[in-house]
Amino acid sequence: MATVLVLIAAPGSDAINDQVLGAVGSPPHWLSKGEAAEFAPPPDLGKLREKLSNLPIDLNLVLTANRRKRLLIADMDSTMIQQECIDELAVVAGLGDQIKEITVRAMHGEIDFPSALRERVGLMSGLDAKVIDTIMRDRITLMPGGKTLVATMKSRGAYTALVSGGFRQFTSRVAAQIGFHANEANDLIIENGKLAGKVAEPILGKEAKLAALNHLSLVNGLTPADAIAVGDGANDIPMLQAAGMGVALHAKPKVQEAVSLCINHGDLTSLLYLQGYKKAEFI
């Protein structure tokens, strides 16, 4: 199948310069001058990766067929926002180091996600639920490029969904801020204004993320091949592998090994470049 090589540089770096163009050896089709371009695939991609390895540039081979996707499914924590919400709750509860260690192991796929989630939430039993408002206001920041990604795809008729192994109490607000059509997540149980230390069952993990991809494809008259999915953790892998484009964004090594499209230097607008959008088309 026909492919195109997409080079995406870190925002503002203008790293795709004459030296880089010379290394690629074919004329560029610019998506954004100095920042993103596509080329005919080189005969030896591995050699090119080695030549450019010290530069803030992501190299990805993209299929040209069905390139502009009509469904976006995105993870939230460390993907659409720059934090892990459960770790932020833990800091407020004075359990930061203890819970972050469990989070890291779960994100790397070293321990079962549902069990890790139950354990971490259990440690925060009795925490005042009002801290969620405080965390959203003072500690949560959006990942650069997210609003542009969602707005641009929506302007072309795509359906957008935030699907997270985190908590509805956060995803509902983040989805509204960014402009997603829908959001799915786990539900923290709150009793008498305090966290009960429990999550509503069944827990949304990797199987549920894959199921969400399949369901949202079906109800929108699409197939998973029409979707682009993005995430960074181990529980995103089945979803990323099933989507027409599965993108590992600043992801854990296990995730990057499992998918073919990886962004380590660019921001979320990189997902638009991968689909062939020019910067002039961004919303």
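What you see is a predicted model, and the numbers here were worked out from it, not measured in a lab. (Residues numbered from 1 in each chain as written. Predicted model: local features only at pLDDT ≥ 70, side-chain atom pairs only at ≥ 80, totals over all residues. Heavy atoms only, no water.)

Participant: Hey, could you go over the pairing of strand β4 (residues 57–63) for me, with residue numbers and the actual values?
Facilitator: Counting buried residues along β4, five of its seven residues qualify, which places the element largely inside the surrounding structure. Pairing analysis gives seven bridges linking strand β1 (residues 3–9) to β4, with the strands arranged antiparallel. In the sheet register, L7 faces β4, and the bridge partner there is L59. (Buried < 20%, exposed > 50% of the residue type's maximum accessible area, 1.4 Å probe, protein only. Helix = DSSP H or I, 4+ residues; strand = E, 2+ residues; numbered from the N terminus. Pairing = 2+ DSSP bridges.)

Participant: Tell me about the pattern of salt bridges, and name the residues and values.
Facilitator: Counting across every chain of the model gives 13 salt bridges. Ionic pairing is found between E35 and K279, a salt bridge with its closest N-O pair at 3.8 Å. Highlighted residues: E35 in the loop between β2 (29–32) and β3 (36–39) and K279 in the segment after α12 (270–274), separated in sequence by 244 residues. Between R156 and E281 there is a salt bridge, with its nearest N and O atoms 2.9 Å apart. One end of the pair, R156, is in the loop between α7 (146–155) and β6 (159–167); the other, E281, is in the segment after α12, with 125 residues separating them in the sequence. Each of R68, R156 and E281 takes part in salt bridges that share partners, so that together they form one network. (Salt bridge = Lys/Arg side-chain N within 4 Å of Asp/Glu carboxyl O.)

Participant: Residue-level account of the side chain of S164, with values.
Facilitator: Here S164 is to be found in strand β6. Of the polar contacts made by the side chain of S164, one reaches the backbone nitrogen of G166; its length is 2.7 Å. For S164, the residues in contact, after removing those within four places along its chain, are D75, M76, D77, T171, E184, A185, N186, L204 and K209. (Polar contact = N/O pair within 3.5 Å; in protein donor to acceptor, adjacent residues only side chain to side chain. Contact = heavy atoms within 4.5 Å.)

Participant: Tell me about the sheet that holds β3, and name the residues and values.
Facilitator: Read across the sheet, four strands follow the order β2-β3-β1-β4 without closing on themselves; strand pairing throughout is antiparallel. Every interior strand has two partners, whereas the edge strands, β2 and β4, have only one. If you compare each strand with its neighbour and ignore which way they point, the axes differ by 25° on average. For β1 and β3, the ladder comprises four bridges, and the chain directions are antiparallel. By the bridge assignment, L5 is partnered in β3 with F39. (Axes fitted to C-alpha atoms, helices over the stretch in contact; angles between N-to-C directions.)

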